[in-house]
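Structure at a glance
In case you want the letters, here they are:
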Amino acid sequence: YALITVAAGLNSDIAKGAVIIGMNMKGEEVRGTAYDDYAKDITVLKMTYNTSEDQATWVMCRVGGLQVDDQVTTGCLNSSEKIKIGGVDYDFVYDYLTDNNNGRTLQKFSTSVDAKMISCNPGCPFADAQMFVDYYGRSDYADDWVLSAFDNKETDFTLGNADFSQLTLVGRTEAIKKGTAYMNVFMYVIREFEDAVIDCRTECDLDVCNDAPVHAWDEGVAFYTGSEEGEIGDNKSADGYFLHQLADKRCANFNTCDENGLAQVNSELFKLFNQGQQQLLANECGAAKATLKEITPLMYVPLIQGTIRYAYKVEQGALEKERAEGTVFAASILPRIHNVNATHAATIYDNMKIGASATTSFAAVKTAFEATYDEMGIDCAWVGGLADTSDPTKYVEGGKPCKASKGLFDDDDFADSDDSKGSKLGYLAAALGSIVVAFSIL
């Protein structure tokens with residue numbers, strides 16, 4: 001949005017969404033809408049820039065917290081021209097480098113947890129968010145994690161603390177990057193789906209009734225995917241930073257990819273994403289809620305895989321970068337495990353926390369996770385077994401999958417041998433649409 005000052009003040013009330021028209025530096029028209037309701041005589045207001053569905057040019061004014069080389073200013077308002085608000089021309093003042101900001105940021109995904117997931121009404125608290133707040137003792141746990149890593153200090157949690165003063169910049173960088181993606185973003189994805197289900201209405205005009213819930217649902221899919229996956233998310237260039245890319249990376253480590261090298265978890269999730277969207281459009285609110293209950297367990301799978309993988313690496317003598325990666329993967333899943341069994345969560349934490357590398361036990365971490373799968377609604381086959389990097393046809397010692405019950409992937413898709421991984425996992429087709437979402441961290 002652009003933060004603009006109209007020196008003379010508005011000559012009438014302006015409603016949220018009112019059309020605002022200005023010019024850019026090239027003399028081309030720039031359109032937007034009022035960010036909020038603004039009363040007559042107000043002098044400072046926000047304009048939300050209009051966006052397009054073209055991922056390359058979705059908005060041509062991107063400044064916010066971006067580095068200079070990443071900024072795009074060709075579509076920013078030019079304050080030397082008048083601006084039309086509600087059909088009236090005004091002179092205005094703003095600095096295009098400091099007054100074009102992000103209304104939604106990755107940081108706010110965490111700082112808004114209490115307002116949007118715990119204390120809101122109706123529907124709150126959301127179950128997954130409450131688990132994390134109960135465990136960490138604060139709603140902005142992800143923000144505290146990231147800022148503590150930046151500040152080289154210990155987190156202020158009830159459980160699961162991390163003392164980043166024990167790490168160099170190498171380890172803290174991993175905590176910041178992965179904490180942002182797998183702690184801040186993860187919970188907000190679930191929040192968007194929860195919000196969509198809560199706002200769903202069963203008795204209304206199919207053409208317009210559930211537009212807002214569908215929009216929220218689509219935002220959840222966008223935040224899960226990120227803007228760097230491309231239009232089809234085929235993983236060919238290994239782009240992407242969010243949960244979709246994480247699942248594609250981990251499937252190669254655990255033999256849970258489909259025949260195209262994509263995570264079967266992603267394939268199944270996108271089937272469910274599409275299913276939930278159609279249910280909302282059809283006013284099938286109860287069915288959409290049931291679909292969400294299938295989505296959330298699958299979303300935890302790559303986080304489990306990440307923790308198990310790095311537990312093995314740490315036990316084998318990994319350096320600081322990989323030790324820190326293991327710590328943040330554990331932090332992203334520990335509250336969910338603790339909700340099932342506090343002892344198993346403590347085992348994982350004690351083996352994966354900062355400073356635990358000398359005593360980390362891969363077997364203990366893997367066993368603790370597996371003991372919680374049934375109650376979490378997770379099938380062993382979803383997680384798979386940890387492959388030996390020197391011979392991908394075999395598992396690492398102690399890394400084979402636990403016994404799978406019939407679920408998302410059939411037991412028959414897995415080889416019975418402890419040594420052979422097999423390659424018969426069924427193909428789950430899914431279309432990854434063009435997702436447009438861009439943020440910068442405050």
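Residues numbered from 1 in each chain as written. Predicted model: local features only at pLDDT ≥ 70, side-chain atom pairs only at ≥ 80, totals over all residues. Heavy atoms only, no water.

A complete count under the given rule lists 18 aromatic pairs for this structure. Both rings, one in Phe 193 and one in Trp 217, keep their centres 4.6 Å apart while their planes meet at 45°; by these two values the pair is tilted. Remark: Trp 217 occurs in helix α6 (residues 211-225) and Phe 193 occurs in helix α5 (residues 169-199); sequence separation between them is 24 residues. Accessibility expressed as a relative area gives 0% for Phe 193, which makes it buried. On the basis of relative accessible area, Trp 217 is assigned to the buried category, the value being 0%. Their ring planes at 70° and their centres at 5.6 Å tell us that Tyr 224 and Phe 273 sit as a pair that is edge-to-face. Highlighted residues: Tyr 224 in helix α6 and Phe 273 in helix α8 (residues 264-281), separated in sequence by 49 residues. (Phe/Tyr/Trp six-rings, centres within 6.5 Å; stacked < 30°, edge-to-face > 60°. Helix = DSSP H or I, 4+ residues; strand = E, 2+ residues; numbered from the N terminus. Buried < 20%, exposed > 50% of the residue type's maximum accessible area, 1.4 Å probe, protein only.)

Here six strands make up an open sheet; going across it, the order is β1-β4-β3-β2-β5-β6 and the pairing antiparallel. Only two strands of the sheet have a single partner each, and these edge strands are β1 (2-5) and β6 (88-90). Shown here is a sheet whose adjacent strand axes are inclined to one another by a mean of 35°, direction ignored. The pairing of strand β2 (residues 19-23) with strand β3 (residues 29-34) spans five bridges and is antiparallel. Counted as the bridge partner of Val 19 is Thr 33 from β3. (Pairing = 2+ DSSP bridges. Axes fitted to C-alpha atoms, helices over the stretch in contact; angles between N-to-C directions.)

We now examine the environment of Thr 202. In this structure, Thr 202 sits in the loop between α5 and α6. For Thr 202, a relative accessible area of 52% gives the class exposed. If we ignore the near neighbours within four places in the chain, the residues touching Thr 202 are Asn 283 and Cys 285. (Contact = heavy atoms within 4.5 Å.)

The next subject is the nonpolar core. Within the largest apolar cluster, 97 residues are counted, with the highest numbers of intra-cluster contacts made by Trp 145 and Met 299. At 14 residues, α5 tops the list of elements feeding residues into this core. Setting aside its immediate chain neighbours within four residues, Met 299 contacts Phe 186, Val 189, Ile 190, Phe 193, Tyr 224, Leu 243 and Leu 269. (Core = buried A, V, L, I, M, F, W, Y, C linked by side-chain atoms within 4.5 Å.)

Next up on the list: the pairing of β2. Once β2 ends, the chain turns through five residues before running back antiparallel as β3, passing Gly 27 with a positive phi of about 80°. In this structure, β2 lies alongside strand β5 (residues 83-85), joined through two bridges in antiparallel fashion. By the bridge assignment, Ile 20 is partnered in β5 with Ile 85.

Within this structure, the stated rule accounts for 19 salt bridges. In this structure, Arg 104 and Glu 192 form a salt bridge, with 3.4 Å as the shortest nitrogen-oxygen distance. Placement of the pair is Arg 104 in the loop between β6 and α1 (106-111) and Glu 192 in helix α5, with a sequence separation of 88 residues. By relative accessible area, which is 29% here, Arg 104 ends up partly exposed. Shared partners join several salt bridges into a network, and the residues in it are Arg 104, Arg 191, Glu 192, Asp 195 and Glu 219. (Salt bridge = Lys/Arg side-chain N within 4 Å of Asp/Glu carboxyl O.)

Looking only at helix α13 (residues 362-370), the buried set comprises Phe 362, Val 365, Lys 366, Ala 368 and Phe 369. What you see down the axis of α13 is that its buried residues fit within an arc of 160°, all on one side. The inward-facing, buried residues of α13 contact α9 (285-315), α11 (334-340), α12 (342-352) and α14 (373-376). (Arc of directions from axis to C-beta.)

The next thing to look at is unusual backbone geometry. In the segment running from Asn 121 into Pro 122, the intervening peptide bond is cis, with an omega of 5°. Relative to the helices and strands, Pro 122 is located in the loop between α2 (113-118) and α3 (127-136). Each neighbour pair has its own omega, and for Cys 124 with Pro 125 the value is 0°, a cis peptide bond. The topology assignment puts Pro 125 in the loop between α2 and α3. Residues other than glycine seldom take positive phi values, yet Asn 152 does so here, at roughly 60°. Within the fold, Asn 152 resides in the loop between α4 (141-151) and α5. One non-glycine residue, Asn 255, lies in positive phi territory at about 60°. Residue placement: Asn 255 occurs in the loop between α7 (243-254) and α8.

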